[in-house]
Amino acid sequence: MRQPTEQLALCREQPTPLRTGVRQAVEADLPELVRLRALLFETLGGEYFNPSPEEDGWRRNLASVLRDQLTADAARILVVDGEHGLAACGIGTVDQWFPGPHNPNGRVGHVIGVVTDPAYRRRGHSRAIMQALLDWFRASEASRVDLYASPEGEPLYRNLGFVDHPDPALYWRP
């Protein structure tokens, strides 16, 4: 079995094509991944998603977590290349929850975010990334996949088979 650094080096040398134009992210993609994630939050707006510039340490933290997760078994970070940087990216994770009648193996997938640079929108990049993520979720034996959809992204997700979640969503911030 390869060590994570060996896997990362292999990924850097030969990105794995998944679907037309979609590949797994590599370490060299980190600045662009951070840029696209920031773009996602800017489009969501509001103080929760777009805090003041003084709270910009999240970008450094994001780059660190992305670096750690590039080769993790429980995460998949996918990208589509553009002419000058990345055109789009999407992140998925699979968590092991406790099994129950509604989730027999306890494996739950999460789409952490899919974002396309405005210059590359309406070309099918988000759909291609989502289809590759859904293939990975199936291979990972996720019993269900959760996501939060922006108004612009919701039609795509519904077209791919996502429906309203049966659980009410609440959150708490310590």
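For the structure itself, look to the data block above.
Here the structure is a predicted model, which means the values were calculated and not measured.

Visitor: Is there a simple way to explain the overall build of the protein in this structure?
Guide: Scanning the protein from N- to C-terminus turns up 6 helices and 6 strands. Ordered by position from N to C terminus, the α and β elements of the protein give α-β-β-α-α-α-β-β-β-α-β-α. Evaluated residue by residue, the protein yields a buried proportion of 38% over its 174 residues. At a minimum sequence separation of 6, the contacts of the protein that also span at least 24 residues come to 64%. Here the protein has roughly 11,100 Å² of accessible surface; of this, 53% comes from carbon and sulfur atoms.

Visitor: So what exactly am I meant to see when it comes to the environment of Leu 36 here?
Guide: Along the chain, Leu 36 turns up in helix H2 (residues 30-44). In this structure the C-alpha to C-alpha distance between Leu 36 and Gly 90, which are 54 residues apart in sequence, comes to 9.6 Å. In this view, Leu 36 contacts Leu 86, Ala 88, Cys 89, Val 115 and Asp 117; residues no more than four positions away in its chain are not counted.

Visitor: I tried to follow the pairing of strand S5 (residues 107-116) on my own but got confused; where do I start?
Guide: The two faces of a sheet get side chains in turn, since along a regular strand they alternate between them. Counting buried residues in S5 gives 8 out of 10 residues, a clear majority hidden from the surface. As paired strands, strand S4 (residues 85-96) and S5 are joined by 9 bridges and run antiparallel to one another. Counted as the bridge partner of Val 94 is Gly 109 from S5. Pairing of S5 with strand S6 (residues 144-147) involves 4 bridges; the strand directions are parallel.

Visitor: For this particular structure, what's the right way to read H2?
Guide: Each α-helix turn comprises 3.6 residues. Residues three or four places apart therefore point the same way. An ideal rise of 1.5 Å per residue puts 21 Å on 15 residues; H2 measures up with 21 Å between its terminal C-alpha atoms. Within H2 the residues assigned to the buried category are Leu 30, Glu 32, Leu 33, Val 34, Leu 36, Arg 37, Ala 38, Leu 39, Leu 40 and Phe 41.

Visitor: I tried to follow the packing of H2 against helix H4 (residues 57-69) on my own but got confused; where do I start?
Guide: Pairs of packed helices are described in terms of their axes, by the angle between the two and the distance that separates them. In contact at an axis separation of 10 Å, H2 and H4 are set at 125° when each is read in the N-to-C sense. Our classification of the angle between H2 and H4 gives oblique. Both H2 and H4 take part in a crossing whose hand is right-handed. Of H4, the residues touching H2 (which contributes Leu 30, Leu 33, Val 34, Arg 37, Ala 38, Phe 41 and Glu 42) are Trp 58, Arg 59, Leu 62, Ala 63, Leu 66 and Arg 67. Class assignment of the residues belonging to the contact of H2 with H4 gives a composition of 9 nonpolar, no polar and 4 charged.

Visitor: How do you make sense of the nonpolar core when you look at a structure like this?
Guide: Looking at soluble globular proteins, one finds that nonpolar side chains tend to be buried together. Core analysis: the largest hydrophobic core is formed by 20 residues, its most contacted members being Val 22, Ile 129, Met 130 and Phe 137. Put simply, the parts of the chain that give this core at least two residues each are strand S3 (75-82), S4, S5, helix H5 (125-139) and helix H6 (154-159). No other element matches H5, which puts 8 residues into this core. Residues within four places of Phe 137 in sequence aside, it is in contact with Gly 92, Thr 93, Val 94, Gly 109, His 110, Val 111, Ala 142 and Val 145.

Quick notes on the rules
- Residues numbered from 1 in each chain as written.
- Predicted model: local features only at pLDDT ≥ 70, side-chain atom pairs only at ≥ 80, totals over all residues.
- Heavy atoms only, no water.
- Helix = DSSP H or I, 4+ residues; strand = E, 2+ residues; numbered from the N terminus.
- Buried < 20%, exposed > 50% of the residue type's maximum accessible area, 1.4 Å probe, protein only.
- Contact = heavy atoms within 4.5 Å.
- Areas by Shrake-Rupley, 256 points an atom, 1.4 Å probe, with all protein chains shown as cover.
- Pairing = 2+ DSSP bridges.
- Expected span 1.5 Å × (residues − 1).
- Axes fitted to C-alpha atoms, helices over the stretch in contact; angles between N-to-C directions.
- Parallel < 35°, antiparallel > 145°, perpendicular 65-115°, else oblique.
- Left-handed = near helix turned anticlockwise from the far one by under 90°.
- Nonpolar A, V, L, I, M, F, W, Y, C, P; charged D, E, K, R; others polar.
- Core = buried A, V, L, I, M, F, W, Y, C linked by side-chain atoms within 4.5 Å.

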